[in-house]
Amino acid sequence: DILTTAVNLNNYMTIDTSMTEQAGMKKVVNTYTSTGAVEELGMGEGNSTEIEVSFVPAEYEVKTYQGKFAFYDEQEMTDPMVVDTGLNHSADHMVNKWTEMAIAEFEKATLEQTGSAWSFDVVVDAIAKMNLEDESGLFLLISPADKAAFRKALKDDLSYSEGFVRTGYIGSVAGVPVVVTKAVQAGKGYLATKDAVTVFIKKDSETEYERDADTRKNSYWVRKVGVVALTDATKVVKFAIGG
């Protein structure tokens, strides 16, 4: 059980490949706010205020993530599964690293919902904090450690749709699909849309091979280059339950 979670978190983030066509190893994410309003004016009157936009930049450094797996010919001849297992585990560890980074960005949410326990009201209050007209893109990630308590607390409020088939899905609350993933810690949760966190890909996953004929050593490298960033803090609410 090498994978942190069987849930593919790519389904809950935005994937941006624009950096593959651009030079540079830094990504600047701007958070925008605006002030001012439209005014009703009479003939000859001008605006007394202006609509102004300001932003706070956050700079992320694009990094290379790499794993190395090596084996000797004699090992493969003894048990060929050594190669398959090593390659599969290398890929799993890469997924784990990006999963860890994704959750760290969700955790940067500025909107927070607290509660002594999971309840329908706690979830609905969190939805209200996002102030959305269209809630169709929302999802809720929770921990397996909270799954039983969540189900007991919400009971009839937890509905199930046959049309929604995804690993970890346990039902919907107020129209929001609830997904259980080991990537989330007990007592925490994240209500969000895919706009909240973005994966900026500089170079997609690649595998490289090298062989030392003298020692019969075979080496594989798996790598990925990019960055995970919180791109819209208004699209995520983090939960702190109990404690």
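Residues numbered from 1 in each chain as written. Predicted model: local features only at pLDDT ≥ 70, side-chain atom pairs only at ≥ 80, totals over all residues. Heavy atoms only, no water.

Q: What exactly am I supposed to notice about the nonpolar core here?
A: Side chains that are nonpolar tend, in soluble globular proteins, to be buried together. One finds Leu9, Met13, Phe106 and Val228 to be the most contacted residues of the largest nonpolar core, which totals 35 residues. Not counting residues up to four positions away in its chain, the partners in contact with Met13 are Ala102, Phe106, Lys194, Val197, Val199 and Val228. (Core = buried A, V, L, I, M, F, W, Y, C linked by side-chain atoms within 4.5 Å. Buried < 20%, exposed > 50% of the residue type's maximum accessible area, 1.4 Å probe, protein only. Contact = heavy atoms within 4.5 Å.)

Q: Can you help me understand the packing of aromatic side chains in this one?
A: Taken as a whole and assessed by the stated rule, the structure comprises eight aromatic pairs. Arranged with centres 5.3 Å apart and planes meeting at 65 degrees, the rings of Trp118 and Phe150 form a pair that is edge-to-face. Separated by 32 residues along the polypeptide, Trp118 in the loop between strand 5 (111-115) and helix 3 (120-129) and Phe150 in helix 4 (residues 147-154) bring together distant segments of the chain. Of the two residues, Trp118 and Phe150, both sit in the buried class. On the numbers, 5.0 Å between centres and 45 degrees between planes, the contact of Trp118 with Phe239 is tilted. Here Phe239 lies in strand 13 (residues 236-241) and Trp118 lies in the loop between strand 5 and helix 3, a separation of 121 residues in the sequence. As far as the burial class goes, Trp118 and Phe239 line up, both buried. Aromatic ring contacts, followed pair by pair, group Phe69, Phe71, Tyr209 and Tyr220 into a single cluster. The lysine or arginine in question, Lys224, covers the ring of Trp98, its NZ or CZ lying 5.0 Å from the ring centre. (Phe/Tyr/Trp six-rings, centres within 6.5 Å; stacked < 30°, edge-to-face > 60°. Helix = DSSP H or I, 4+ residues; strand = E, 2+ residues; numbered from the N terminus. Lys NZ or Arg CZ within 6 Å of the ring centre and 35° of its normal.)

Q: Please explain the sheet that holds strand 1 (residues 14-16) as it appears in this structure.
A: Each strand in a sheet pairs with another by means of backbone hydrogen bonds, the pair being arranged parallel or else antiparallel. Strands sit in the order 1-11-12-4 across an open sheet of four strands; the sheet is mixed. Unpaired on one side and paired on the other, strand 1 and strand 4 (63-72) mark the two borders of the sheet. In this sheet, adjacent strand axes meet at a mean angle of 30 degrees when their direction is disregarded. Pairing of strand 11 (residues 197-212) with strand 12 (residues 217-230) involves 13 bridges; the strand directions are antiparallel. Bridge pairing in strand 12 links Phe200 to Val227. Packed onto the sheet, helix 2 (residues 81-106) meets strand 4, strand 11 and strand 12 and runs at close to 15 degrees relative to strand 12. (Pairing = 2+ DSSP bridges. Axes fitted to C-alpha atoms, helices over the stretch in contact; angles between N-to-C directions.)

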